[in-house]
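Chain by chain, the residues:
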Amino acid sequence: MTVDGLIHLGASHFGSALEVQAALADMDAVGTSVAVAAPVHPRGADFTAANKAVAQACAGSGGRLVPLARVDPWDVAAAVAELGRAVAGGARGLFLHPAEEHFRINDDRVRPVVEAAAELGVPVVVAAGFHLYSEPLQLGRAAQWAPGNPFVLTNGGQFNISGMAQFDAELALGNDNVLVQTSGMYREDFLERVVATFGPERLMFASAAPVFTMAYERARVDLAHFGDEERDLILDGNARRVFGVPA
Amino acid sequence: MIFDMHMHIEDSAVLGWQMSAEDCIRAMDAAGVQAAAVMTLTDLPGLNPRGLELIAEACAAFPDRLHGFLRLNPALLEESKRLLTMAVTELGFRGLKQHPVSTLQHPGGAATIELVRHAGELGVPTLFHCGDEPLSTPLSIAETAAACPDSVVILGHMGGYFHVDEAIDVAEQFPNVVLETSAMPYPEKIREAVQRLGPERVVFGSDGPVSSPVLERHKVVIASLGEEAAGLVLGGNAERLLGVAA
């Protein structure tokens, strides 16, 4: 069994698009049973409508798609309210994209939204690695706002084609509630070091499709050097635990 | 022949970086890669004074499999030109490596242009680190390509995470630019590059051995280029550019 820890559903303001049937077909092609689905940044920035659309798609997927709620924390009260509404409707976590919504993840104005997720008992997933918005050390600070709640960083917590952000990402992982996803992380040795240093419970497979390619992102995990039990956690167990997906 | 255009060997006590020729060979064997361009992670003259000897000894130990690129700092221009000349004419090195983030030398600066032009005069290409950091973006390196039309300029990582489209644009503008596929995470962009530039303008690289040549080669397979184009990208183009025999 494999759970993809993040895909993006819908037609994005920024040009990418992945619709439900295509997502399910792509998942079938790479042997993914379940995917955790966040809305894209919707055209018109109506996050409530986008969350409802993803929730509806997930509800009709026979359990193969699990919804996250995406909010824009610039209007904190509205974001907290929308998160509460979405979680009551079945959302299994909060998704934040600091780069696309243009906020700094460790800005104090974001804190109530992260704390609201913890109070609702759902994890926080953050699009990680974006310069100025979600750098690994900024993410580590934000993770400390709700230390008992899982704080999941996409893209290995970083984006740097020279590997120069790996140290910072490891500092972020110094927070016990931080996990990193495998999406886009080109350094196999970093992924293996996360498991060796922090434990296999801290690394989660995710494709981040359609930003990245499902088949290639799955290959990152298949070709890395993990033990069978470690691989089971990375590909399946960790996402099930964090997002409450039944086995 | 499968040829990896971007691999590293280093032995720097100062930085704690250790990767040997044998590490490269093991990673290449695992990926079915027959030959590779190898270079240090440090720049000469600099932190590893034995950088040239390290690469030369590796290539001598595996003469059919490892081909040296010399990584130099253009800030020390005359010494860099002397070292490159010696490396190419006496030791059989096949290329120049430039990492502007490491050397803090802008690709459009006079020193870099003179060094890259010198590489062209010696008949060897220059592989640039080309990613998202200042000093290394495709438009920065385009300045070099424009000033050195007789030098082959290879954009390593073909623009990284966020500058891939610009890298393809730059290669479209300058016929002396070649794209190298390592680390950047989009298989479909390899296919787009081949479609827009032709298969002769894209080369496979892994940035190994710390990046996985197996995974990086798989990326080219997923790109579904077709047999002829894949053959050029995975090895044929390197054979032509570096003058190495299949």
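Residues numbered from 1 in each chain as written. Chains lettered and ligands numbered in written order. Predicted model: local features only at pLDDT ≥ 70, side-chain atom pairs only at ≥ 80, totals over all residues. Heavy atoms only, no water.

J.: For this particular structure, what's the right way to read the overall build of chain B?
T.: Across its full length, chain B holds ten helices and ten strands. A globule of 246 residues ought to have a C-alpha radius of gyration of about 18 Å, and chain B, at 16 Å, matches this closely. A principal-axis box enclosing the C-alpha atoms of chain B has dimensions of 45 × 35 × 30 Å. Counting every position in chain B, which comprises 246 residues, the buried fraction comes to 61%. Considering only intrachain contacts with a sequence separation of at least 6, the fraction spanning at least 24 residues in chain B is 75%. Counting every atom, chain B has about 8700 Å² of accessible surface; 54% of that belongs to carbon and sulfur. Measuring between centres, the 16 positive side-chain charges of chain B sit 2 Å from its 32 negative side-chain charges. (Helix = DSSP H or I, 4+ residues; strand = E, 2+ residues; numbered from the N terminus. Rg over C-alpha atoms; globule rule 2.2 N^0.38 Å. Buried < 20%, exposed > 50% of the residue type's maximum accessible area, 1.4 Å probe, protein only. Contact = heavy atoms within 4.5 Å. Areas by Shrake-Rupley, 256 points an atom, 1.4 Å probe, with all protein chains shown as cover. Lys, Arg positive; Asp, Glu negative; His and termini not counted. Charge placed at Lys NZ, Arg CZ, Asp CG, Glu CD.)

J.: Where do I start with the packing of helix α8 (residues 187-197) of chain B against helix α9 (residues 213-222) of chain B in this structure?
T.: When two helices pack together, their arrangement is captured by the angle between the axes and the distance separating the axes. Residues and elements named next belong to chain B. Viewed as axis vectors pointing N to C, α8 and α9 meet at an angle of 55°, and their least axial separation amounts to 8 Å. Classed by the angle they form, the pair α8 and α9 counts as oblique. As α8 packs across α9, the resulting crossing turns out to be right-handed. Contacts between α8 and α9 involve Pro187, Ile190 and Arg191 from the former and Lys219, Val220 and Ile222 from the latter. When the residues that make up the contact of α8 with α9 are grouped by side-chain class, the tally is four nonpolar, no polar and two charged. (Axes fitted to C-alpha atoms, helices over the stretch in contact; angles between N-to-C directions. Parallel < 35°, antiparallel > 145°, perpendicular 65-115°, else oblique. Left-handed = near helix turned anticlockwise from the far one by under 90°. Nonpolar A, V, L, I, M, F, W, Y, C, P; charged D, E, K, R; others polar.)

J.: Where do I start with the sheet that holds strand β4 (residues 65-67) of chain A in this structure?
T.: Backbone hydrogen bonds are what pair the strands of a sheet, in a parallel or an antiparallel way. Residues and elements named next belong to chain A. Taken together, the four strands give an open sheet; going across it, the order is β2-β1-β3-β4, and neighbouring strands pair in mixed fashion. Either end of the sheet is taken by a strand with one partner, and the two such strands are β2 (17-18) and β4. Pairing analysis gives three bridges linking strand β3 (residues 34-39) to β4, with the strands arranged parallel. What sits directly across from alanine 37, in β4, is proline 67. Relative to the sheet, helix α10 (residues 228-243) contacts β1 (3-11) and β3, its axis offset from that of β1 by approximately 65°. (Pairing = 2+ DSSP bridges.)

J.: Teacher, can you tell me more about the interface of chain A and chain B here?
T.: Reports often express the size of an interface as the amount of accessible area lost when the parts come together. Contact with chain A, which involves 21 residues of that partner, is made by 25 residues of chain B. At the boundary of chain A with chain B, total buried surface from both sides reaches about 1900 Å², with 67% on carbon and sulfur atoms. Together, A:Ile161, A:Tyr186 and A:Tyr216 form the three largest contributors to the area buried by chain A at its contact with chain B, with a combined 39%. Linking chain A with chain B are zero salt bridges, by the criterion used here. Summed over the shared surface of chain A and chain B, the result is four residue pairs in polar contact (both at pLDDT 80 or more). (Buried area = accessible area lost by both parts, 1.4 Å probe. Salt bridge = Lys/Arg side-chain N within 4 Å of Asp/Glu carboxyl O. Polar contact = N/O pair within 3.5 Å; in protein donor to acceptor, adjacent residues only side chain to side chain.)

J.: Honestly, a nonpolar patch on the surface in this entry has me stumped. Any pointers?
T.: Residues and elements named next belong to chain B. Together, Val14, Leu15, Trp17 and Leu47 give the surface a local cluster of nonpolar side chains, amounting to about 370 Å² of exposed area. Turning to its location among the elements, leucine 15 is positioned in the loop between β2 (10-12) and β3 (17-19). The class for leucine 15 is partly exposed, based on a relative accessible area of 33%. (Patch = residues over 30% accessible without salt bridge, like charges linked within 9 Å, V, L, I, M, F, W, Y side chains within 5 Å.)

J.: Explain the pairing of β3(A) here, please?
T.: The two faces of the sheet receive side chains in turn, since in a regular strand these alternate between them. All names here are of chain A. Burial within β3 is extensive, with six of its six residues counted as buried. Here β3 shows two buried faces, one formed by Val34, Val36 and Ala38 and the other by Ala35, Ala37 and Pro39. Relative to β3, β1 runs parallel, the two sharing five bridges. Residue pairing in the sheet places isoleucine 7 in a bridge with alanine 37 of β3.

J.: It is not clear to me how the environment of B:Val194 should be interpreted in this structure. Could you clarify?
T.: All names here are of chain B. Inspection of the secondary structure assignment puts valine 194 in helix α8. For valine 194, a relative accessible area of 10% corresponds to the buried category. Taking the C-alpha atoms as reference points, valine 194 and isoleucine 168, 26 residues apart in sequence, are found 9.4 Å from one another. Excluding residues that lie within four positions of it along the chain, valine 194 makes contacts with Pro199, Val202, Leu225, Ala229 and Val233.

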